[in-house]
Amino acid sequence: MAGGAEGRDERKPSRSTGPTVTRHALWHWATPQAQEILASGDLGRILRFHRAVHGINQTTLGQLLGYDKTYISLLERGKRTLDDVGSRRRIAGQLCLPPHVLGVTDSVDSDHRAMLQFGESTVRLAEIARQSGHASEAVSELWPLVARLEARVEDGHSERELLQLLARARAGVGVALGNILPEERLGTAARWTARSLDIALYFEDSGFSSYALRMHGNELRKARLLGAAVSRLQHALALAPDRDARAAALPLLARAAGALGDGHLFDTTVKEADAMLDQVEHTSLFNPYALHEIRLRGLLATGRTNAAIDLVDRSPAPTTTVAPQWRVIELVTVANVRLLAGDPSGAHESLEAAVREAATQRLPHQLQRVMRTAGDHLPEIKINAAQALNQLRREMAA
């Protein structure tokens, strides 16, 4: 090899005179082209792709990896191989790749894979915890995971699995915070879900993007950023790749459209959701029980109080397990309709149950809804809800 490389052991790199770490201007290892190149395990292709993305020549890459230009050229053209584990592990580290991409399976790679597997489990379990009424526990589980993943990305690791897991974890934190924060702080939850969007949209994966958009859109609705919420949820619906994804987006869009006062969009969205009830599996959100509450609230918000009053007593039985927060949401909405129908006794009963459940499940936002609904009509309920809310705030501040 020219430049003095041929006479030395190829497994012992020369001392690097260039940078010891590269910063990723883009998440280039996560692109479809990169995925195909990485799957090949071809070191030459990987090195060429890295140079092309970063706009560097063979000399600069050689400085990064500790080889001269001629040797880099031979590696890229497949004229030389690099078979020892230590060199391949070091190159993977310099390029911010998991070692198994270059055929190295050792404790370092096992740790990387274990982190991803643990992260996947954490995100799934956190979602189960949130749906079961334990949103605080979900946040506690997700915080350290997000911090660890963000540290990896900050160090330059940008493989697809890592970034997608980070996006899901960020969205999970935001949605869980949306359950446990009071109304005046719900913007924080929306900002967390927004932090998943840049990653999700970068991949141009319609299903993943639709998921991130609907999570963010729903938190925007809670924060009363209604125009933005509707826009995000319409985008989520447009990107939905199948009926299940559409079914996940429709109830959220209906709620946001109703809150915005857009009666036409609300009606068309609910109509499509109704038509799909027999076509897809029911979930905690997409089922007749949840859609009944969404319909009641939307009718009130779009000025059709009489229609809501006519509908209130026709609540279907749950067809799937109903999350605790959904029971509270439904109780408050029903109470609002009963007050408008001149039934303070029925409203009192619903709100009393809502206060108990919201305090147990630590749902400050729902206690604030109770207070607004009770208003001057049911002062005792309003006081009880305020006391429960203050208790939650003291506990959160402790």
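Residues numbered from 1 in each chain as written. Predicted model: local features only at pLDDT ≥ 70, side-chain atom pairs only at ≥ 80, totals over all residues. Heavy atoms only, no water.

A. Here's a closer look at the pattern of salt bridges. Tallied over the entire structure, the rule returns 17 salt bridges. Measuring nitrogen to oxygen at the nearest pair gives 2.8 Å for the salt bridge that ties Arg130 to Glu127. In this pair, Arg130 and Glu127 both sit in helix H6 (residues 107-131), 3 residues apart, roughly one turn of the helix. Judged by its relative accessible area of 35%, Glu127 is partly exposed. A salt bridge links Arg372 to Glu183, with the nearest nitrogen and oxygen atoms 2.5 Å apart. (Salt bridge = Lys/Arg side-chain N within 4 Å of Asp/Glu carboxyl O. Helix = DSSP H or I, 4+ residues; strand = E, 2+ residues; numbered from the N terminus. Buried < 20%, exposed > 50% of the residue type's maximum accessible area, 1.4 Å probe, protein only.)

B. Looking closely at the UniProt feature "domain: HTH cro/C1-type" (unreviewed entry) in the protein. In the numbering used here, UniProt assigns the feature "domain: HTH cro/C1-type" (unreviewed entry) to residues 47-83. Secondary structure across residues 47-83 divides into 65% helix and 0% strand, with the first and last C-alpha atoms of the span separated by 15 Å. (UniProt positions renumbered as here; feature names shortened; annotations may be inferred.)

C. Representation of the layout of surface pockets in the model. Here the largest pocket is characterised by a volume of approximately 1,100 Å³. Along its surface, the largest pocket is lined by 45 residues, and Glu127, Arg130, Gln131, Ser284 and Leu285 are the ones closest to its centre. One number sums up the size of the second largest pocket: a volume of about 460 Å³. Around the second largest pocket, the lining is made up of 20 residues, and of these Arg224, Ala259, Arg297, Arg369 and Arg372 lie nearest the centre. Of all elements in the fold, only helix H10 (206-222), helix H12 (243-260), helix H14 (288-301), helix H16 (324-340) and helix H18 (364-374) reach the threshold of two or more residues within the lining of the second largest pocket. When residues of the lining of the second largest pocket are assigned to their parent elements, the largest contribution, 5 residues, is made by H14. Broken down by class, the residue content of the lining of the second largest pocket amounts to 6 nonpolar, 6 polar and 8 charged. (1 Å grid on protein atoms, 1.4 Å probe; cavity = no way out; pocket = protein on both sides within 12 Å on 5 of 7 lines; lining within 4 Å. Points joined across faces, edges and corners; volume = space filled by probe spheres on them. Nonpolar A, V, L, I, M, F, W, Y, C, P; charged D, E, K, R; others polar.)

D. Region of interest: the packing of aromatic side chains. In total, this model carries 5 aromatic pairs according to the counting rule given. The interplanar angle of 70° and the centroid separation of 6.1 Å between the aromatic rings of Tyr202 and Phe203 together place this pair among those described as edge-to-face. Classification of Phe203 by relative accessible area gives buried; the value is 4%. The interplanar angle of 15° and the centroid separation of 6.3 Å between the aromatic rings of Phe208 and Tyr211 together place this pair among those described as stacked. Of this pair, Phe208 and Tyr211 are both found in helix H10, 3 residues apart, which corresponds to roughly one turn of the helix. In this structure Phe208 comes out as buried when scored by relative accessible area, which is 11%. The class of Tyr211 is partly exposed, set by a relative accessible area of 24%. An aromatic cluster is built from Tyr202, Phe203, Phe208 and Tyr211, whose rings are joined through pairwise contacts. The ring of Trp192 carries Arg195 above its face, with NZ or CZ at 4.6 Å from the centroid. (Phe/Tyr/Trp six-rings, centres within 6.5 Å; stacked < 30°, edge-to-face > 60°. Lys NZ or Arg CZ within 6 Å of the ring centre and 35° of its normal.)

E. Up close: the packing of helix H1 (residues 32-40) against helix H2 (residues 43-54). Between H1 and H2, the least distance of the axes is 8 Å, while the angle of their chain directions is 150°. In terms of orientation, H1 and H2 fall into the roughly antiparallel class. The two elements H1 and H2 cross, and the hand of that crossing is left-handed. Across the interface between the two elements, Gln33, Ala34, Glu36, Ile37, Leu38 and Ser40 from H1 touch Arg45, Ile46 and Phe49 from H2. (Axes fitted to C-alpha atoms, helices over the stretch in contact; angles between N-to-C directions. Parallel < 35°, antiparallel > 145°, perpendicular 65-115°, else oblique. Left-handed = near helix turned anticlockwise from the far one by under 90°. Contact = heavy atoms within 4.5 Å.)

F. Highlighting the environment of Gly258. As for its position among the elements, Gly258 is in helix H12. The sequence separation of Gly258 and Thr302 amounts to 44 residues, and the corresponding C-alpha distance is 6.2 Å. Setting aside residues up to four positions removed in sequence, Gly258 forms contacts with Phe266, Gly298, Ala301 and Thr302.

G. Up close: H18. Counting buried residues in H18 gives 9 out of 11 residues, a clear majority hidden from the surface. Taken together, the buried positions of H18 are Pro364, His365, Gln366, Leu367, Gln368, Arg369, Val370, Thr373 and Ala374. Buried residues belonging to H18 abut helix H8 (160-180), helix H9 (186-203), H14, H16, helix H17 (344-361) and helix H19 (379-397). At the exit of H18 stands Gly375, carrying a positive phi of roughly 50°.

H. A look at unusual backbone geometry. At Cys96, a position not held by glycine, the phi torsion is positive, near 60°. Relative to the assigned elements, Cys96 resides in the loop between helix H5 (85-94) and H6. Positive phi, normally seen in glycine, also occurs at Arg224, with a value near 70°. Along the chain, Arg224 falls in the loop between H10 and helix H11 (226-239).

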